[in-house]
Amino acid sequence: MNARAEATSTGLDTAKLAVAALLLAGGIWAFYFFAGYSVLLRTLGLLVIAGGAAALALTSAQGRQLWRFVLDSRMEVRKVVWPTRQETIQTTLIVMVMVFIIGLILWLFDTILRAIFNILVGHGG
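Residues numbered from 1 in each chain as written. Predicted model: local features only at pLDDT ≥ 70, side-chain atom pairs only at ≥ 80, totals over all residues. Heavy atoms only, no water.

1. Here we look at the overall build of the chain
Secondary structure assignment for the chain yields four helices and zero strands. Secondary structure elements of the chain, listed N to C terminal, follow the sequence α-α-α-α. Taken against the 2.2 N^0.38 rule, which gives 14 Å for 125 residues, the C-alpha radius of gyration of the chain at 28 Å runs more than 25% over that of a compact globule. Burial status across the chain gives 9% buried among its 125 residues. (Helix = DSSP H or I, 4+ residues; strand = E, 2+ residues; numbered from the N terminus. Rg over C-alpha atoms; globule rule 2.2 N^0.38 Å. Buried < 20%, exposed > 50% of the residue type's maximum accessible area, 1.4 Å probe, protein only.)

Structure, rendered in structure tokens:
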């Protein structure tokens, strides 16, 4: 394994994550506790607390590893060759037609099995 992937957790990192979780839980609690205040103010307060908790969590080894993963993922998404609009529409239409055809086949199969069952149990004359 490379040195970048091996992040060791220390007691301080665990404490940072615990404090971040407590901050977030406290922010959610305060959001509902102060229900009499404006929703805008409560939402802004919750966003500020959540941002602070995220910033604190990102200072830990696990947080730095997560941030590296996000950056690497973003770089990989840029490498993807996305389909054109025409390709997307054609593929969607093919899928819809196939779903309709399979649905028709299953309906026909169900109808035949129901007729056979009715004949076997004497309901179908």
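2. So, the UniProt feature "transmembrane region" (unreviewed entry) in the chain
The feature "transmembrane region" (unreviewed entry), as given by UniProt, occupies residues 17-37, 44-63 and 89-109 in the numbering adopted here. Secondary structure over residues 17-37 splits into 81% helix and 0% strand, and the C-alpha atoms at its two ends are 29 Å apart. When the span residues 89-109 is considered, its composition is 100% helix and 0% strand, and the gap between its end C-alpha atoms is 30 Å. (UniProt positions renumbered as here; feature names shortened; annotations may be inferred.)

3. Here's the deal with the packing of helix 1 (residues 11-33) against helix 2 (residues 39-58)
Contact geometry of helix 1 with helix 2 gives a least axis separation of 8 Å together with a crossing angle of 175°. In terms of axis orientation, helix 1 runs roughly antiparallel to helix 2. Where helix 1 abuts helix 2, its residues Lys16, Leu17, Val19, Ala20, Leu23, Leu24, Gly27, Ile28, Phe31 and Tyr32 lie against Arg42, Thr43, Leu46, Ile49, Ala50, Ala53, Leu56 and Ala57. Of the residues assigned to the contact of helix 1 with helix 2, the class counts are 14 nonpolar, two polar and two charged. (Axes fitted to C-alpha atoms, helices over the stretch in contact; angles between N-to-C directions. Parallel < 35°, antiparallel > 145°, perpendicular 65-115°, else oblique. Contact = heavy atoms within 4.5 Å. Nonpolar A, V, L, I, M, F, W, Y, C, P; charged D, E, K, R; others polar.)

4. Quick look at the packing of aromatic side chains
Applying the stated rule across the entire model yields four aromatic pairs. For the pair Phe34 and Tyr37, a centre-to-centre distance of 5.7 Å together with 70° between the ring planes defines the contact as edge-to-face. Relative accessible area serves as the criterion here: at 36%, Phe34 is assigned to the partly exposed category. Each member of the aromatic cluster is reached from another via a ring pair, and the members are Trp29, Phe33, Phe34 and Tyr37. Above the plane of the ring of Phe31 lies Arg42, whose end atom (NZ or CZ) is 4.4 Å from the centre. (Phe/Tyr/Trp six-rings, centres within 6.5 Å; stacked < 30°, edge-to-face > 60°. Lys NZ or Arg CZ within 6 Å of the ring centre and 35° of its normal.)

5. Quick look at helix 4 (residues 85-121)
The periodicity of an α-helix, 3.6 residues per turn, causes residues three or four positions apart to be oriented the same way. For helix 4, which comprises 37 residues, the first-to-last C-alpha distance of 53 Å matches the rise-based estimate of 54 Å (1.5 Å per residue) to within 8%. Where helix 4 terminates, the next one or two residues include Gly122, which has phi positive at roughly 90°. (Expected span 1.5 Å × (residues − 1).)

6. Some words on the pattern of salt bridges
All told, the structure shown has two salt bridges when counted by the stated rule. Between Lys79 and Glu76 there is a salt bridge whose closest N-O contact spans 3.2 Å. Placement of the pair is Lys79 and Glu76 together in helix 3 (residues 61-79), with a separation of three residues, close to one helical turn. Given the relative accessible area of 54%, Lys79 is considered exposed. (Salt bridge = Lys/Arg side-chain N within 4 Å of Asp/Glu carboxyl O.)

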